[in-house]
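# Results of the structural survey
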Amino acid sequence: MLEIKNLHATVDGKAILKGIDLTVKAGEVHAIMGPNGSGKSTLSYVLAGREGYEVTEGEVLFKGKNLLEMEPEERAGEGVFLAFQYPVEIPGVPNTTFLKEALNSVRRYRGEGELDAMQFVKLVREKTKLLNMGDEMLKRPVNVGFSGGEKKRNEALQMAVLEPSLAVLDETDSGLDIDALKTVADAVNRLRRPDNALLVITHYQRLLDYIVPDHVHVLAGGRIQKSGGKELAEELEKTGYAEFTAGAAA
Amino acid sequence: MAARVETVEQVRALDKYKYGFVTDIEAETAPKGLNEDIIRFISAKKAEPEWLLEWRLKAYRHWLSMPEPTWQKVQFPALDYQDAYYYSAPKSPADGPKSLDEVDPKLLETYEKLGIPLSEQKLLAGVAVDAVFDSVSVATTYKKTLNEAGVIFCSISEAVRNHPELVKKYLGSVVPYGDNKHACLNSAVFTDGSFVYIPKGVRCPMELSTYFRINAQNTGQFERTLIIADAGSYVSYLEGCTAPQRDENQLHAAVVELIALDDAEIKYSTVQNWYPGDEEGKGGIYNFVTKRGACRGRNSKISWTQVETGSAITWKYPSCILQGDNSVGEFYSIAITNNFQQADTGTKMIHLGKNTRSRIIAKGISAGKSDSTYRGLVRIGAKAEGARNFTQCDSLLIGDKCGAHTVPYIENKNRRAIVEHEATTSRISEDQLFYCRQRGLSEEDAVALVVNGFCREVMQQLPMEFAVEAQKLVGISLEGSVG
């Protein structure tokens, strides 16, 4: 589904990613772990197409298509979803309005018909039920005044409604207490299907207790230093990243 | 969203401004220029009584002596008043249409194109429309239903003929002819406009609406609207405007006067979409309008809501004079400027009576190379015990070549009055746009969404069918403002 080959990227002229290779297949969960400043968030922004993140070398294929030449909204239409580390507030725009606009934009891109108000309400009800969520967040303006946990649950709800093929979770655990973490992880797990994939970016191992990865990669100094199974995450929890940061600096 | 995208596409297809077409219709036009003969011509055309002609001439003579105002922030070359026509009317076989059946089909077609069908069966249920084309009112719908309720809704020319006592009593009583240069010009040459009278205790059974259309070239539009809500009555009035796309600037100097007596309420909503000029700033309407309401009675209320997206220059301050004790004035405004548009708009709340309250919510959105100013006056008189005002001005900037300014004037002569002013300026954030785009919205849809959210408080004040229209307009008027 996703093939990243020798990806180099700069931010403000500074090289952050220095040759990343990664292949993610449908149905898989990959975790990318690494110390602060290793390029984890940069990787997620490069995949989503954020302005200011310049790819200098390498390629990214998504379902065989060149992802890097698409606009952010086209990537969304193709099925790339980024769960933000810091979900953005949009004052005055009710959550439902935002969800409906997003869903219908994506559906238009995919050549599917738009949903009318009734169909949309029905769909959202199904999804909130699936995620064990109430609908109290729906009428409030997007992320405005939401607690950390609510913001992340809202990201999960958007993911549920948009049904992406690849979801990139950028430090979804940051700012969450253990209960909120469980709730969000549970929501994400409910959305797993054989035909979609997850790329979980995290600093700590604890999220991976709940969203269990098939593969774990250590990102440091802009490169993947080591890959393994889920046991690698546990190992890192004990040893830390020192080994890799030292290596990267050398 | 679907509707918005569709509209955006339609507009693109029509070279951006979808109301920019011209109706080819035979018109009767007064000679170019402005002098006493032209004013006599207009007055004669309308078979006006002597007192009105005298009033016009008095206004004209006063106008000649008035200097052009210079305090505004907007900039434009000096107006050449002699290089314009002051009267243009579609030629009709008789004195004017008596009913819709007699209205020239071409005119009906024009309004169809504008999305304002005048045939009653097609109208939005519950909205009566008066359509003003260039200088004259061409049709008023739903007359019968309104008559039964005792509501008078007609063109002001008709009101002068049929209800002279009301017109004579109230015309110029809120905006005197010498009020300002543009209002004075309007008093001299106004050609038509709407007249509304709601009798005592009547809640007007439907929304009243006027649709203004400038068609002829080099023609100014000087309409005059007079609305009187007698004791205990209520009316909601909507106003929409469009004009063809032309290279020269056209002057629109209207006057609107509202009078609310004891316990009466007037809600006045405007969606102003005059042609704004092209991307280089060529052409467009100069929208220099004087709107003022007098809360004469106790417990009366006047509420202005405006969505200003069009015009090369918008220069207007819908105001309230709060004379009656406990009267309430409200001003809700969205002003959007793009490309080279300029707006200097706001309100005046004059508190005279006891316990008078006013509320001002102004949202300015500037994009392109445009410039937007909120200018508002809150004046509390010495006798306005317990008066209260709350003002909130928010500006949103899109891009880095536009400007937003807030100029509040507060004059308080009463120690116990409370005046509050809040203001914010923000930029549409890159984070917000990226977030929306990551969820699948195009950049333009993302801007429209964020801006509509920013304007929500004001949008909610609009009657339902107007709000939908206004939301679409927000998207359209900001087209090309990013990227």
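Provided above is the structure to which this section pertains.
What counts and what doesn't
Residues numbered from 1 in each chain as written. Chains lettered and ligands numbered in written order. Predicted model: local features only at pLDDT ≥ 70, side-chain atom pairs only at ≥ 80, totals over all residues. Heavy atoms only, no water. Pairing = 2+ DSSP bridges. Helix = DSSP H or I, 4+ residues; strand = E, 2+ residues; numbered from the N terminus. Axes fitted to C-alpha atoms, helices over the stretch in contact; angles between N-to-C directions. 1 Å grid on protein atoms, 1.4 Å probe; cavity = no way out; pocket = protein on both sides within 12 Å on 5 of 7 lines; lining within 4 Å. Points joined across faces, edges and corners; volume = space filled by probe spheres on them. Nonpolar A, V, L, I, M, F, W, Y, C, P; charged D, E, K, R; others polar. Parallel < 35°, antiparallel > 145°, perpendicular 65-115°, else oblique. Left-handed = near helix turned anticlockwise from the far one by under 90°. Contact = heavy atoms within 4.5 Å. Core = buried A, V, L, I, M, F, W, Y, C linked by side-chain atoms within 4.5 Å. Buried < 20%, exposed > 50% of the residue type's maximum accessible area, 1.4 Å probe, protein only. Salt bridge = Lys/Arg side-chain N within 4 Å of Asp/Glu carboxyl O. Polar contact = N/O pair within 3.5 Å; in protein donor to acceptor, adjacent residues only side chain to side chain.

## Let's talk about the sheet that holds strand β6 (residues 80–83) of chain A
Residues and elements named next belong to chain A.
- In space, the six strands of this open sheet follow the order β6-β9-β10-β3-β11-β12, with mixed pairing throughout. Of all strands in the sheet, those with a lone pairing partner are β6 and β12 (223–228), marking the two edges. The sheet shows a mean angle of 20 degrees between the axes of neighbouring strands, direction not considered.

## Focus: empty space enclosed by the protein
Residue and element names in this part refer to chain B.
- Within this structure, the stated rule accounts for seven cavities of 30 Å³ or more.
- Each pocket or cavity is described by its volume, and for the largest cavity that value is around 110 Å³.
- In this structure, the largest cavity is lined by 16 residues; those nearest its centre are Ala 362, Lys 363, Gly 364, Thr 373 and Tyr 374.
- Where the lining of the largest cavity is concerned, the elements lending two or more residues are β17 (328–337), β18 (342–351), β19 (357–366), β20 (371–380), β21 (388–397) and β22 (403–412).
- A class-by-class count of the residues in the lining of the largest cavity yields five nonpolar, nine polar and two charged.

## Concerning the packing of helix α4 (residues 117–130) of chain A against helix α5 (residues 148–162) of chain A
All names here are of chain A.
- Viewed as axis vectors pointing N to C, α4 and α5 meet at an angle of 125 degrees, and their least axial separation amounts to 10 Å. It follows that α4 is oblique to α5 by the angle criterion. Every pair of crossing elements has a handedness; the one defined by α4 and α5 is right-handed. Residue-level inspection shows Leu 123, Lys 127 and Thr 128 of α4 in contact with α5, the latter providing Leu 157, Ala 160 and Val 161.
- Residues that form the contact of α4 with α5 fall into these classes: four nonpolar, one polar and one charged.

## Focus on the nonpolar core
All names here are of chain B.
- Judged by nonpolar contacts, the single largest core of 114 residues is most densely connected at Ile 365 and Val 451.
- Setting aside its immediate chain neighbours within four residues, Val 451 contacts Ile 365, Leu 396, Ile 398, Ile 428, Val 474 and Leu 478.
- The next biggest cluster of nonpolar side chains, apart from the first, holds 36 residues, and it includes Val 196, Ile 198, Ile 227 and Cys 295.

## A word on the pattern of salt bridges
- Tallied over the entire structure, the rule returns 39 salt bridges over all chains.
- A:Glu171 is the salt-bridge partner of A:Lys40, the closest N and O atoms lying 3.4 Å from each other. Taken together, the positions of A:Lys40 in helix α1 (residues 40–48) and A:Glu171 in the loop between β9 (166–170) and α6 (178–190) put the pair 131 residues apart, joining distant regions of the chain. The exposure classification of A:Lys40 matches that of A:Glu171, with both residues buried.
- The partner of A:Glu89 in a salt bridge is A:Lys151, and the shortest N-O contact between them spans 3.6 Å. With A:Glu89 in the loop between β6 and β7 (90–94) and A:Lys151 in helix α5, the pair connects residues that are 62 residues apart, well separated along the chain.
- A relative accessible area of 35% places A:Glu89 in the partly exposed class.
- What you see here is one network of salt bridges that share partners, running through A:Glu71, A:Glu73, B:Arg437 and B:Glu443.

## Re the sheet that holds strand β2 (residues 14–24) of chain A
Residue and element names in this part refer to chain A.
- The four strands lie next to each other as β2-β1-β4-β5, forming an open sheet whose pairing is antiparallel. Either end of the sheet is taken by a strand with one partner, and the two such strands are β2 and β5 (65–66).
- Most of the contacts of α1 go to strand β1 (residues 2–11), to which it runs at about 110 degrees, and overall it touches β1, β2 and β4 (53–62).

## Concerning unusual backbone geometry
- We note that A:Lys63 has phi near 50 degrees; this positive angle belongs to a residue other than glycine.
- Looking at where A:Lys63 falls in the secondary structure, it is placed in the loop between β4 and β5.
- In the Ramachandran plot, B:Ala47 falls in the positive-phi region, its phi being about 50 degrees despite a non-glycine side chain.
- Residue position: B:Ala47 is located in the loop between α2 (36–45) and α3 (50–65).

## What about the side chain of A:His203?
Residue and element names in this part refer to chain A.
- Within the secondary structure, His 203 sits in the loop between β10 (197–202) and α7 (206–210).
- Residue classification places His 203 among the buried positions, given a relative accessible area of 17%.
- Here Gly 34 takes part through its backbone oxygen, which lies 3.1 Å from a polar atom of the side chain of His 203.
- In contact with His 203, other than residues within four places in its own chain, are Met 33, Gly 34, Pro 35, Asn 36, Lys 40, Glu 171 and Tyr 241.

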